[in-house]
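# Architecture and fold: a report
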Amino acid sequence: MQKYKKYIVLSLLILVGGTILISGLSFAKYVSNSVWDYYLQSKGFYFSSDYLAEIPLQNVDNLWDGGSVNFNIKNNLNENVITTYDIGYQAECSVVGDLTEDIDCYLNGTESNIQEGVLSSFQTCINNTLDEVDVSLFTKTECELGGYEWIHQIAVKDLHFDVVSQNEEITLEDVLINIKVTSTYPYKKTISGDFILHKRNVEEEKVTINLRNYSNYDRLIISNSYLDNKCVNITWDPDKLVLGNDETDFISYLVDSNNYISGIKLNIDGKESKSYIFYKKDFNAMYNINDFAINEC
């Protein structure tokens, strides 16, 4: 029994010790990263992105058309805190998951998944006075002699990648791409992000209508699943239904012989919906989408 208890105590000590060791290593890594970040900021070094970070960001695009995917890198922390010198960098693009042997990821119109470049610092003249003088082309001397401000500007490098299939039998639908960008000088810092791409099905894109029935009115909802805005014509029988919206809610309209509105023409932005209220002339009647005709302009 005593021997059994010793085994239990020993196992608990090993388990607790292991947990403390792992936690200690994780904490040490966190402290190390924090110290390094503090050191970089003390040197005025800022390397960031809207799509990438030290802890990888996830970028989801459920409307990917199979074309180029954009991202960027910047030399600032915010609008006022900007790196004042050039930053060298290396960008790398890689495919993650089961399709690594069938598809490739290329950077910036090349046939390579690795590219090097420089994020160049620059300065420009800013007019914060009220004299309305265009100082955008002033040199540093002209700027300062004119009483204007010569300041560092945020440098943004726009980059992109393309996903290319090497196997004709593979259909690109769901793809996971990792982008990693490392500054190479004057200091080293790595930011990265995952791009989860779902290719949209063009055949599923259309303008649809849905009618919701309420106690004293009906609401017609027109939905546009296209990416682009669409022009749509809607018509109905004005002897049954009366439009409740005013003329500012559509482009134009049609009327019947009794001067009742029988149809409207409207624009709907991509991935948006619009709704219109209709009142029934016969309160006991029930209507559905078959009582409306819809077609694209």
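Please read all numbers here as calculations on a predicted model, not as lab measurements.

## Structural notes on the overall build of the protein
Looking only at helices and strands, one finds 2 helices and 18 strands in the protein. Residue burial in the protein is summarised as follows: out of 297 residues, 29% are buried. Long-range pairs, those at least 24 residues apart, make up 70% of the contacts in the protein between residues at least 6 apart in sequence.

## Observations regarding the pattern of salt bridges
If you walk through the whole model with that rule in mind, you get 3 salt bridges. Where D50 meets K74, a salt bridge forms, and the shortest distance between an N and an O atom there is 2.9 Å. Highlighted residues: D50 in the loop between helix 1 (2-42) and strand 1 (57-64) and K74 in strand 2 (residues 69-74), separated in sequence by 24 residues. The partner of E54 in a salt bridge is K189, and the shortest N-O contact between them spans 3.9 Å.

## Remarks on the environment of G66
Note that G66 resides in the loop between strand 1 and strand 2. For G66, a relative accessible area of 30% corresponds to the partly exposed category. Placed 131 residues apart in sequence, G66 and L197 show a C-alpha to C-alpha distance of 8.7 Å.

## Focus: the sheet that holds strand 12 (residues 218-224)
Spatially, the 4 strands line up as an open sheet ordered 11-12-17-14, and their pairing is antiparallel. For this open sheet the edge positions go to strand 11 (207-213) and strand 14 (241-243), each flanked by a neighbour on one side alone. Averaged over neighbouring strand pairs, the angle between their axes works out to 30° when direction is ignored. Across 7 bridges, the pairing between strand 11 and strand 12 is antiparallel. Counted as the bridge partner of N210 is I221 from strand 12.

## Some details on the state of the cysteines
Taken as a whole and judged by the stated rule, the model has 3 disulfides. In this model, C93 is linked to C105 through a disulfide, with the two sulfur atoms separated by 1.5 Å. Of note, the bridge from C93 to C105 carries an S-S torsion of about 70° and is right-handed in sense. You can see C93 sitting in strand 3 (residues 87-96) and its partner C105 sitting in strand 4 (residues 103-107), a full 12 residues away along the chain. Here C93 falls in the buried class, since its relative accessible area comes to 1%. Owing to a relative accessible area of 3%, C105 belongs among the buried residues under this scheme. Here C125 connects covalently by a disulfide to C143, the sulfurs 2.2 Å from one another. Taking the sign of the S-S torsion, about 85° here, the bridge from C125 to C143 comes out right-handed.

## Looking at the pairing of strand 15 (residues 252-255)
Two elements, strand 15 and strand 16 (residues 261-268), share 4 bridges in a ladder whose sense is antiparallel. Bridge pairing links S252 to K265 in strand 16. The loop that links strand 15 with its antiparallel partner strand 16 comprises 5 residues; one of these, N259, has a positive phi angle of about 70°.

## Remarks on the sheet that holds strand 4
Strand order across the open sheet formed by 3 strands is 2-8-4, with antiparallel pairing between neighbours. At either margin of the open sheet sits one strand with a lone partner, and together these are strand 2 and strand 4. Direction aside, neighbouring strands of the sheet carry axes that sit 25° apart on average. In this sheet, strand 8 (residues 156-165) lies alongside strand 4 in antiparallel orientation, the contact comprising 5 bridges. Bridge pairing links L107 to F161 in strand 8.

Scoring rules and cut-offs
Residues numbered from 1 in each chain as written. Predicted model: local features only at pLDDT ≥ 70, side-chain atom pairs only at ≥ 80, totals over all residues. Heavy atoms only, no water. Helix = DSSP H or I, 4+ residues; strand = E, 2+ residues; numbered from the N terminus. Buried < 20%, exposed > 50% of the residue type's maximum accessible area, 1.4 Å probe, protein only. Contact = heavy atoms within 4.5 Å. Salt bridge = Lys/Arg side-chain N within 4 Å of Asp/Glu carboxyl O. Pairing = 2+ DSSP bridges. Axes fitted to C-alpha atoms, helices over the stretch in contact; angles between N-to-C directions. Disulfide = S-S within 2.5 Å.

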